[in-house]
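Here are the chains, one letter per residue:
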Amino acid sequence: MQTATTPATHNCTLFCQQQVLAENLPFSHDQLKDIFNSIYTKRSVFTGYLKFASLADEDCYQLFLFFYKGTPYAAGRYAEGKPVIYSIQDLARQLIKSDQSSLVMTLCETDPILLKCMLLFLQKEPAIKAPTTLIDFEYIVQQIDQAGKHAMIALRRENAFNYYFFKDGKCTQVYYADLEFKRPEGMTLEEEMLLYAFQPGENILAYIYRDMNTTMSEDSKQYERDSLYTLLTVGYIKNKRKDDQSAPPADEANGNKTGSHPDQEEKLSHVILAIESGPQEGARFMVILPCTIGRKECDFILDDRLVSRRHAELKLVENAVVIEDLQSKNGTKVNGKKVISSQLTSNDLVSIGMISFRVVSA
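Observations concerning the packing of helix α1 (residues 29-40) against helix α6 (residues 225-234)
It is at 11 Å that the axes of α1 and α6 come closest, and there the two elements cross at 150°. When the axis of α1 is compared with that of α6, the two are roughly antiparallel. In the packing of α1 onto α6, the handedness of the crossing is right-handed. Here α1 contributes H29, L32, K33, F36, N37 and Y40 to the contact with α6, which in turn contributes R225, L228, Y229, L232 and T233. Classifying every residue of the contact of α1 with α6 gives six nonpolar, three polar and two charged.

This is the structure:
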């Protein structure tokens, strides 16, 4: 696929890019079809995002369509300094309303952690948003370390967003959109982050995320390749419903890539929680394992007075998903029975307080 360059895109807010498969291609139906060919014919299923950037105004708004393991996952918009979560149909409507002569498209392949960082930024309000000089930034990092939880910090310098991902309180992944920053040698990732946060004479804005839940778009399972292409080029399709063709084959659902040798099984790192009852009924969330569940200070927050502060934990035991009750007051149920620890299958219904969900392999 040819890669074009468009100098006018320098006004756009910069987000992290890993493997760029196409950059700043002028929008056309033929170009979009080529991009879909790239997404859907890759040997390994595609995880990453397709970005549409408008050059028609100074703000240069950007639309994002996220894919996870070959399936459309969510969509969003960033304009006028504000992130907005979209359904996939919302994105299509915005795309059709846009001045398409000013649109350019970029396709980036990412790892799941960067994908999650971008989803957090577009979908969640940060717990703290302030210049690093106006908050006790080092103390906040210490709090994340002491809590031993997953977290994400985004640092913005001018128009570039950089992400620092924390697993179990430790910074384990960093992603830079600011390519002018020269990464030092011999520093820990936390030390490198502090160096970036306090550059002399620079105004660095910090976004602190402790709620790590990301949401799958409700209409994500409605579109396969052809219907998604039609939606993005026409704005609607006559029949939006389809059988769920995105469910992984049995071998893959059990942690093996289809056709791979059992000795080469892929370790699960993410699962999807499909909420079946409670305030968020119908929603689907991607979570990283291990994942604590509770009312406060957990990876996955449930707003229910019957849920304990730290209620339960989802984790991997020999590549099987296990739920363990953390001595909660009202207990954890699997298929209606209280459990202390239980290995889960795809059909098991987990009940915590008034909320029930199923765990689906991502």
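Some details on the confidence of the model for the chain
Mean pLDDT over the chain: 86, with 87% of residues reaching 70 or higher. Residue range residues 2-8 is modelled with pLDDT below 50. Its contacts to residues more than four positions away, or to other chains, number 14 contacts.

As for the packing of aromatic side chains
Taken as a whole and assessed by the stated rule, the structure comprises 25 aromatic pairs. Plain terms: the ring middles of F36 and Y229 are 6.1 Å apart, the flat faces sit at 70° to each other, and that makes the pair edge-to-face. Placement of the pair is F36 in helix α1 and Y229 in helix α6, with a sequence separation of 193 residues. When its relative accessible area of 2% is taken as the criterion, F36 is described as buried. Y229 sits in the buried class, given a relative accessible area of 17%. Ring pairing ties together the aromatic residues F15, Y49, F64, F66, Y78, F121, F161, Y163 and Y207, which thus form one cluster.

Side note on the state of the cysteines
Summed over all chains, the structure comprises one disulfide. No disulfide involves C117; its nearest neighbouring cysteine sulfur is the one of C16, lying 7.9 Å away.

Focus on the pattern of salt bridges
Taken as a whole, this structure holds eleven salt bridges when the rule is applied. The salt bridge involving K124 is made with D211; its shortest N-O contact spans 3.4 Å. Here D211 lies in the loop between β11 (204-209) and β12 (214-216) and K124 lies in the loop between α3 (112-123) and β7 (128-131), a separation of 87 residues in the sequence. Judged by its relative accessible area of 30%, D211 falls in the partly exposed class. Between E324 and K315 there is a salt bridge whose closest N-O contact spans 2.4 Å. What makes E324 partly exposed here is its relative accessible area of 24%. A residue is classified by how much of its surface remains accessible, and K315, at 22% relative accessible area, is partly exposed.

Looking at the nonpolar core
Formed by 34 residues in total, the largest nonpolar core has its most connected members in F15, F64, F66, M118, F121, M152 and Y163. Of all elements in the fold, only β3 (62-68), β4 (71-79), α3, β8 (151-157), β9 (160-167), β11 and β14 (284-288) reach the threshold of two or more residues within this core. In terms of residues, this core owes the most to one element, α3, which gives nine residues. What M118 contacts, discounting residues up to four positions off in sequence, is F15, C16, Y49, F64, F66 and Y163.

Thoughts on the environment of T345
Looking at the element boundaries, T345 is found in the loop between β21 (341-343) and β22 (349-352). Residues T345 and A320, spaced 25 residues apart in sequence, show a C-alpha to C-alpha distance of 8.6 Å.

So, the packing of helix α4 (residues 137-147) against helix α5 (residues 189-197)
Close contact between α4 and α5 brings their axes to 11 Å; oriented N to C, the two are set at 155°. With respect to their mutual orientation, α4 and α5 come out roughly antiparallel. The two elements α4 and α5 meet at a crossing, and its hand is right-handed. Across the interface between the two elements, F137, E138 and V141 from α4 touch E190, M193, L194 and A197 from α5.

Things to note about the sheet that holds β7
Each strand in a sheet pairs with its neighbour through backbone hydrogen bonds, running either in the same direction (parallel) or in the opposite one (antiparallel). A sheet is described by the order of its strands in space; here five strands give the open sequence β7-β11-β8-β9-β10, paired in antiparallel fashion. Edge positions in the sheet fall to β7 and β10 (170-175), since each has one partner strand and no second. Here the strands of the sheet are splayed against their neighbours by 20° on average, with no regard to which way each runs. Where β7 meets β11, four bridges bridge the pair, whose relative direction is antiparallel. Paired with P131 across the two strands is L205, which belongs to β11. Those strands touched by α4 are β7, β8, β9, β10 and β11, and its axis lies near 155° from that of β8. Packing of α5 onto the sheet brings it into contact with β8, β9, β10 and β11, and relative to β10 it is tilted by some 55°.

A short note on the pairing of strand β23 (residues 355-361)
Looking along a regular strand, one sees side chains alternate from face to face of the sheet. In the sheet, strand β13 (residues 270-277) pairs with β23 via six bridges, with the strands oriented antiparallel. Counterpart to A274 in the pairing with β23 is R358. Across four bridges, β22 lies against β23 in antiparallel orientation. In the sheet register, V350 faces β23, and the bridge partner there is F357. Hairpin connection from β22 to β23: two residues lie between these consecutive antiparallel strands, with G353 at a positive phi of about 60°.

Cut-offs used in this document
Residues numbered from 1 in each chain as written. Predicted model: local features only at pLDDT ≥ 70, side-chain atom pairs only at ≥ 80, totals over all residues. Heavy atoms only, no water. Axes fitted to C-alpha atoms, helices over the stretch in contact; angles between N-to-C directions. Helix = DSSP H or I, 4+ residues; strand = E, 2+ residues; numbered from the N terminus. Parallel < 35°, antiparallel > 145°, perpendicular 65-115°, else oblique. Left-handed = near helix turned anticlockwise from the far one by under 90°. Contact = heavy atoms within 4.5 Å. Nonpolar A, V, L, I, M, F, W, Y, C, P; charged D, E, K, R; others polar. pLDDT = per-residue confidence, 0-100. Phe/Tyr/Trp six-rings, centres within 6.5 Å; stacked < 30°, edge-to-face > 60°. Buried < 20%, exposed > 50% of the residue type's maximum accessible area, 1.4 Å probe, protein only. Disulfide = S-S within 2.5 Å. Salt bridge = Lys/Arg side-chain N within 4 Å of Asp/Glu carboxyl O. Core = buried A, V, L, I, M, F, W, Y, C linked by side-chain atoms within 4.5 Å. Pairing = 2+ DSSP bridges.

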